[in-house]
Amino acid sequence: MKVAMVSLSSCLGCQMVFLDLEDYLYSFISENQVCYAPFLVDVRSFPEVELTLVEGTVRNGDHFRRAREIREKSEHVVAMGTCAVYGGVQGQANRFPRAELMRRRFGKEAGFEDEPQAVRRILPLDSYIAVDAYLPGCPPPVGLLRSFLELALSGNLPTREASTVCSQCRVSSPPLPQPGPRRVTEQAPLAGKCLLEQGYLCMGPLTRDGCGAECPSRFGVPCTGCRGPSQAMLVSPSSDPKGETVRRLSRSTAKRPGEVESKIADPPHSFFMHCLAEPTLRRRRPEGTSPFIFREGER
Amino acid sequence: MAAVTIDPVTRISGNAGIKVLFNEAGELEKASLQAYGYRGFEYIAKGAHIDNLMPVVSRICGGDALFHQLAAAEAVERALGVAPPQGAELLRELALWGQLFERHAVSLTVHSLPDLLFPSSDPGLRNIISIHKVDEEVIKRVMALKSLGTFIYREVGGRAVHAVNFLPGGAVRDIREEERKGLLERLDEARPLLIETGHLMKLLLRRNAEAVSNLGNLPTSYLALKGEQGMVLRGGGLEVLGPQGESMGAFSPGEAASRITESNSSHSHIRYADFEGADISRVGPLARLNVNRRYGTPLADGELEEVKEQWGMPLHQNMVSHVARILEMIHAWEMMRELLLQPAGEDMRRELAVATGTGTSMMEAPEGLLFYVLSLDEDGTVKELKIIAPLQFNLRALERTLEESAKNVLSGAGLEERSINLLEMAVRAYAPCIQCGVH
């Protein structure tokens, strides 16, 4: 199969995972033709291919032009990594007007040669071009990438459905109520017990599974939601990560939801670290992401 | 005025282009590195609670993720006046060397080795995929080094790319005894391969003497952290070295940060960073070697002798950065072994109470100096953050190198694929990290 790998605005972490495939990497590159991947091979123009893995988000006109070209010339386009699927951490830039970000960084008078026009707001890749399959994860775990590629090469692009991180988490419940809401930097949690029930902010119940829940169950680190919102979260019109987490923490700590919410500093990173740019969550009322996104002359 | 554009530059980390301008007489006017797509991370991190800060800054760069995480963590710890326990410090150090090892391995094998192995072949064939087709073994062997770095980083950091085992105040979990043993075994296994690759890199550089003399030789100043025993990734002061190898002073993180000025480039979202009192400067493997003059571990220092004989000291040759890189990998290998043999500490973290404060950290990322200057609000959120990435320090020198190389290898109007690749080789020797640069 003819394959291409492209990064738009990204951290290149997904391509680092591609290099982690070890033995599968060798069978992949000998059985397929990697026609375009600036990270790996010296090809400067995008050829006609069967499968393109796109990492990162559209940041400016140049990325947009590239995304369009990729769509035209690829039979199948895969959004690889949470940036391409949901906007990722980079989507947090949506909290500020683009012009202000530029002005604060480069000053009022800054001018650049051949500078591509910046997009007003970060959006997932499928807001710009049609996407055939999604592989979220920041980065996608290497085992998932491998099984994804195996499926894709056999002609079956995987669908988006999945369960949540909690379904894979190997912890037990502590007695309730617990103190909180609290942060792992303030107090070390008990090992092997559910973090959310201990009063810590954990996005496990609202996040897609597939990672093996290593962070909460092996390390005792709360889930930040790096695989993005679960399917259930996206299709249910009345739920969003903030409301759901506050509700669960309220149960763990036996405090009123309003009290829990008022004690959580930094809601945009705490609840929407990887998905602030996801448009579905912006339309959720009364919670959702809209209070945190800067709106430029629009309703 | 005629212009030559190379877009994208291939086999580097991130998206960038090169533009070379000639005047009417056909003389070279200016060479520049173009990279657009400012990502706004200094503002993205604004308002982040210290608990959320590390996962946020980690996403600046997949290859240097831990360097960003720990630079942020150290800045927070300084702002709050807390020092993490010794056990956590050792673990952090181990993971940092692991990531440096991985990062250098990618730069050497995936990005630069094909040029050095087959300098006369078609650039279209110079990549690990084509080489794998003709010689499977060589690629598997060199990639084994990358896998070793990834393995160590993953075991210590909790997962590949964006680690989760560290937080402001320390680390979450120590590695277990059996994991330590496993890591030591993997390291010991890799020793012959690593030494062999070191010899290979030296041999290849000698064989590519023409590239070494054409692709950047101008003396510059150098900025790097100086350790008591040799090269360090953290701690120690910043030493500034003049082009003749003379010391121009040593600075603490706070002093150093106050002497850096950033300014806009006319053709890129990467801002130049200049150090007060120093002329055009370089950071990274070559700078670290020139400043420290030794690594401080026996294997790496033994291998260094031959390098000093062959290329002198201080080293100004841009292409010799590749050799400095493999020497750092050997040094990293020795450091990781040493760290794994030290007993683990029970105490891994300090619990933090939030408060206002300001902290500065400086660190040697694989590509060079990384600065974080941060202030905290009373609720534990980030009030202001300034990040200065390695490529910002290197950008002037890199463009100077491009000009020098273009004069040497571009023959007037006709531009063939071969000369294009030579310019890219000059860029690859810097192993520039574009996504860190446009943070």
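Residues numbered from 1 in each chain as written. Chains lettered and ligands numbered in written order. Predicted model: local features only at pLDDT ≥ 70, side-chain atom pairs only at ≥ 80, totals over all residues.

*Asks:* How do you make sense of the pairing of strand β3 (residues 28-34) of chain B when you look at a structure like this?
*Replies:* Strand residues, when the strand is regular, have side chains that alternate between the two faces of the sheet. All names here are of chain B. Sheet topology places strand β2 (residues 17-22) next to β3; six bridges connect them, and they run antiparallel. Along β3, the bridge assignment pairs Val20 with Ala31. Between the antiparallel neighbours β2 and β3 lie five residues, among them Gly26 with a positive phi of about 80°. (Pairing = 2+ DSSP bridges. Helix = DSSP H or I, 4+ residues; strand = E, 2+ residues; numbered from the N terminus.)

*Asks:* Can you walk me through unusual backbone geometry in this structure?
*Replies:* Glycine aside, residues mostly have negative phi, and peptide bonds are mostly found in the trans state. The peptide bond linking Cys138(A) to Pro139(A) adopts the cis configuration, its omega dihedral lying at -10°. Relative to the helices and strands, Pro139(A) is located in the loop between β5 (133-135) and α6 (142-153). For the bond running from Met313(B) to Pro314(B), omega is -5°, close enough to zero to count as cis. Looking at where Pro314(B) falls in the secondary structure, it is placed in the loop between α11 (298-311) and α12 (321-341). Phi angles above zero are rare outside glycine, and Leu12(A) is one such case at about 70°. Located in the positive-phi region is Arg293(B), a residue other than glycine, with phi close to 65°. By secondary structure assignment, the location of Arg293(B) is in the loop between α10 (285-292) and α11.

*Asks:* Any chance you could explain the packing of α11(B) against α12(B) here in plain terms?
*Replies:* Residues and elements named next belong to chain B. The interhelical angle for the contact between α11 and α12, taken along N-to-C directions, is 160°, at an axis separation of 8 Å. What the angle tells us is that α11 and α12 run roughly antiparallel. In this structure, α11 meets α12 at a crossing whose hand is right-handed. Here Leu299, Ala300, Glu303, Leu304 and Val307 of α11 lie close against α12, whose contacting residues are Val323, Leu327, Ile330, His331 and Glu334. Of the residues belonging to the contact of α11 with α12, the class tally is seven nonpolar, one polar and two charged. (Axes fitted to C-alpha atoms, helices over the stretch in contact; angles between N-to-C directions. Parallel < 35°, antiparallel > 145°, perpendicular 65-115°, else oblique. Left-handed = near helix turned anticlockwise from the far one by under 90°. Contact = placed C-beta atoms within 7 Å. Nonpolar A, V, L, I, M, F, W, Y, C, P; charged D, E, K, R; others polar.)

*Asks:* When you look at the environment of Ala73(B) in this model, what are you seeing that I'm missing?
*Replies:* All names here are of chain B. Here Ala73 shows up in helix α3 (residues 65-80). Spatially, the C-alpha atoms of Ala73 and Ala355 are 15 Å apart, while their sequence positions differ by 282 residues. Excluding anything up to four places from it in sequence, Ala73 contacts Met54, Phe166 and Pro168.

*Asks:* I would appreciate a short explanation of the interface of chain B and chain A in the present structure.
*Replies:* Size of an interface, as often reported, equals the accessible area lost when the parts are brought together. Between chain B and chain A, the residue contacts involve 64 residues of the former and 61 residues of the latter. Broken down by secondary-structure element, the contributors of at least two residues to the side of chain B that touches chain A are α1 (41-44), α2 (50-58), α4 (86-117), α5 (128-134) and α6 (136-157) of chain B. Broken down by element, the side of chain B that touches chain A gets its largest block of residues, five residues, from α2(B). Here the side of chain B that touches chain A is built from residues that sort into 24 nonpolar, 27 polar and 13 charged.

*Asks:* Explain the domain arrangement of chain A to me, please; I cannot follow it from the model alone.
*Replies:* Residue and element names in this part refer to chain A. Each assigned domain of chain A is listed with its residue range as follows: domain 1 (2-153) and domain 2 (165-289). For domain 1 and domain 2, the distance between their C-alpha centroids amounts to 28 Å. The interface of domain 1 with domain 2 comprises 19 residues on the first partner and 15 residues on the second. For the side of domain 1 that touches domain 2, the element with the most residues is helix α4 (residues 82-86), which contributes three residues. (Domains from an automatic or database assignment.)

*Asks:* Whenever I open this one, the nonpolar core confuses me. Can you help?
*Replies:* Note that soluble globular proteins tend to have their nonpolar side chains buried in a common cluster. By size, the foremost hydrophobic cluster in this structure holds 230 residues, and its most contacted members are Val54(A), Leu53(B), Val76(B) and Leu223(B). Take this core: its biggest share by element is 14 residues, from α4(B). Discounting residues that sit within four places of it in the chain, Leu53(B) has contacts with Ala45(B), Ala48(B), Ala72(B), Val76(B) and Val382(B). (Core = buried A, V, L, I, M, F, W, Y, C linked by C-beta atoms within 7 Å. Buried ≥ 20, exposed ≤ 12 C-beta atoms within 10 Å, placed from the backbone.)

*Asks:* What am I meant to see in the sheet that holds strand β8 (residues 247-251) of chain B here?
*Replies:* Strand pairing in a sheet relies on backbone hydrogen bonds, with the paired strands running either antiparallel or parallel. Residue and element names in this part refer to chain B. As summarised here, the arrangement of the four strands in space is β8-β7-β6-β11, forming an open sheet in which the pairing is mixed. Of all strands in the sheet, those bounded by a partner on one side alone are β8 and β11 (281-282). Pairing of strand β7 (residues 237-241) with β8 involves three bridges; the strand directions are antiparallel. By the bridge assignment, Leu241 is partnered in β8 with Ser247. Along the sheet, α10 makes contact with β6 (221-226), β7 and β11, crossing β6 at roughly 75°.

*Asks:* Even after reading the chapter, I still don't get the sheet that holds strand β4 (residues 74-80) of chain A, so can you show me in this structure?
*Replies:* Residues and elements named next belong to chain A. Across the sheet, five strands lie side by side as β2-β1-β3-β4-β5; this open sheet has parallel pairing. Taken across any chain shown, the strands that pair with only one partner, and hence form the sheet edges, are β2 (33-36) and β5. Sheet twist, expressed as the average angle between the axes of neighbouring strands with direction ignored, equals 30°. Across the sheet, helix α3 (residues 61-73) is in contact with β1 (2-7), β3 (49-55) and β4; its angle to β4 comes to roughly 135°.

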